[in-house]
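Each chain, written out:
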Amino acid sequence: MKMRSGEVLIDCLESIEDTKGNNGDRGQWKTNRDCPAGISSFSSSWQEEGILWCCKTRGRLLVTNLRIIWRSLSLPRVNLSVGYNCIINITTRTANSKLRGQTEALYILTKCNNTRFEFIFTNVVPGSPRLFTSVIAVHRAYETSKMYRDLKLRSALIQNKQLRLLPQEQIYDKINGVWNLSSDQGNLGTFFITNVRIVWHANMNDSFNVSIPYLQIRSIKVRDSKFGLALVIESSQQSGGYVLGFKIDPVEKLQEAVKEINSLHKVYSANPIFGVDYEMEEKPQSLEDLTVEQVQDDVEIEPGEQTDAFVAYFADENKQHDREPVFSEELGLAVEKLKDGFTLQGLWEVMT
């Protein structure tokens, strides 16, 4: 298994059944043409925000600081990766498993590219709560550490004119007299350069601030503006595609700041700090111990009808087309007719 830079294995769970796509069956082989355009079912690497399809069999569940990874024990190339960023809700409910019967399972509701998917995992070995405690606790740690990864505007960053440091964060430089060029006249403030992010706040109003993690920085340049040479930082499209300008005098100081920021950004990119800090009481095996030699699968792909590899995990799996619109007295507008047993109040509770 290949992890991205900064990704850390937190827990490893054996004998985990993919109940939604499997439910005790061995599963059928799929080819790349069965997957939606642009997604590979046999990809060797996964993005934090992505969901990749897996086949139907039980296997091993790996919990990292960025995602959960399920893979088949018999066919390692058959796998599933769910990034925490696409998870809407995690609950525990009773599921019907052919291997365990009626048993408590982990339900994960996700959303990717405006499509919802539901994943159900069951521990084949009874009596172990680690499946629930590990995934839920690490996901909570991910949700509470977004300051490391998300661009923030007007947040509680400053206390008594000092930056409130995150765990593992260190200040490398503090520059006074930096102008934020977001308005016509500019705003005078203070610049903090750390190993995780860049922070600016106005001297007259601490709540007027911006935190830019290196993870969301697309480019760092010096450009000419109506105020003269300025430091221009472009953020990623995922964070909103902001273009932020800062004026630092004199020019020599500006050049030094740009050089320092580029250097720290390069160091961060090589070994990112995502801020998800969680340790298990029982240490999982190392990646070296879990790595097995890949064996060429002895399978024959039979031609057949093209199918969607994601169908087994749709949250509304039997839906072939939109249901007829009906008038909702609660909302005062036309909505798609709900499935039997579902209410608007219940759907709102899932979202919240």
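The preceding data block contains the structure.
This text gives an overview of the structure that appears in the document. Each chain carries its own residue numbering, running from 1 in the direction its sequence is written. For a predicted model such as this one, the threshold for reporting local features is a pLDDT of at least 70, and the threshold for listing and counting side-chain atom pairs is 80 or more; totals across whole chains, interfaces and linings nevertheless cover every residue. Here the side-chain values reflect all heavy atoms present in the structure, with hydrogen atoms and water set aside.

1. A look at the packing of aromatic side chains
Working step 1: Each aromatic pair joins two rings of Phe, Tyr and Trp (for Trp, the six-membered one) with centres within 6.5 Å, and gets the label stacked for planes under 30 degrees apart, edge-to-face for over 60, and tilted for any other angle. Under the definition given, this model contains five aromatic pairs.
Working step 2: The interplanar angle of 50 degrees and the centroid separation of 5.0 Å between the aromatic rings of Phe191 and Phe246 together place this pair among those described as tilted. Note that Phe191 is positioned in strand β13 (residues 187-194) and Phe246 in strand β18 (residues 243-247), a separation of 55 residues in sequence.
Working step 3: Only protein chains enter the area calculation, which uses a 1.4 Å probe; residues under 20% of their type maximum are buried, those over 50% are exposed, and those in between are partly exposed. Judged by its relative accessible area of 1%, Phe246 is buried.
Working step 4: For the ring pair Trp200 and Phe208, a centre distance of 5.6 Å and an interplane angle of 90 degrees mean the geometry is edge-to-face. Helix and strand assignments follow DSSP, with helices taken as H or I runs no shorter than four residues and strands as E runs no shorter than two, numbered in order from the N terminus.

2. Structural notes on the sheet that holds strand β17 (residues 228-235)
Working step 1: Each pair of strands is called paired provided DSSP finds at least two bridges between the two strands. As summarised here, the arrangement of the eight strands in space is β9-β15-β14-β13-β12-β18-β17-β16, forming an open sheet in which the pairing is antiparallel. Among the strands making up the open sheet, the edge pair consists of β9 (152-153) and β16 (217-225).
Working step 2: Bridge count for strand β12 (residues 171-180) against β13 is eight bridges, and the pairing is antiparallel. Residue pairing in the sheet places Trp179 in a bridge with Leu188 of β13.
Working step 3: The contact criterion used throughout is that any non-hydrogen atoms of two residues lie within 4.5 Å. Note on method: axes are straight lines fitted to C-alpha atoms, helices fitted across the in-contact stretch only, with angles between N-to-C directions ranging 0 to 180 degrees. Across the face of the sheet, helix α2 (residues 251-270) comes into contact with β12, β13, β14 (197-202), β16 and β17 while running at roughly 170 degrees to β16.

3. Section: the nonpolar core
Working step 1: Think of a nonpolar core as a cluster: buried Ala, Val, Leu, Ile, Met, Phe, Trp, Tyr and Cys residues, connected wherever their side-chain atoms sit within 4.5 Å. Counting residues in hydrophobic clusters, the biggest one holds 29 residues, and the most contacted among them are Leu61, Ile68, Ile108, Phe121, Leu131 and Val135.
Working step 2: The set of elements that each furnish at least two residues to this core consists of β1 (9-18), β3 (59-64), β4 (67-72), β5 (79-83), β6 (87-97), β7 (101-112), β8 (115-123) and α1 (130-143).
Working step 3: Sequence-distant contacts of Leu131, that is, excluding residues within four places in its chain, are made with Leu13, Ile16, Leu61, Leu106, Phe121, Thr122 and Asn123.
Working step 4: Within the second largest apolar cluster, 28 residues are counted, among which are Val178, Phe246, Ile261 and Leu264.

4. Quick word on unusual backbone geometry
Working step 1: The linkage connecting Asp249 with the following residue, Pro250, adopts the cis geometry, with an omega of -5 degrees.
Working step 2: Positionally, Pro250 belongs in the loop between β18 and α2.
Working step 3: One non-glycine residue, Gln168, adopts positive backbone phi at about 75 degrees.
Working step 4: Its location among the elements puts Gln168 in the loop between β11 (162-163) and β12.

5. With respect to the pairing of strand β20 (residues 333-336)
Working step 1: Sheet topology note: the strand β19 (residues 325-328)/β20 ladder contains four bridges and is antiparallel. When the sheet's bridge partners are listed, Val326 is paired in β20 with Val335.
Working step 2: Turn length for the β19-β20 hairpin, with the two strands adjacent in sequence and antiparallel, is four residues, and the turn residue Gly332 shows positive phi of about 75 degrees.

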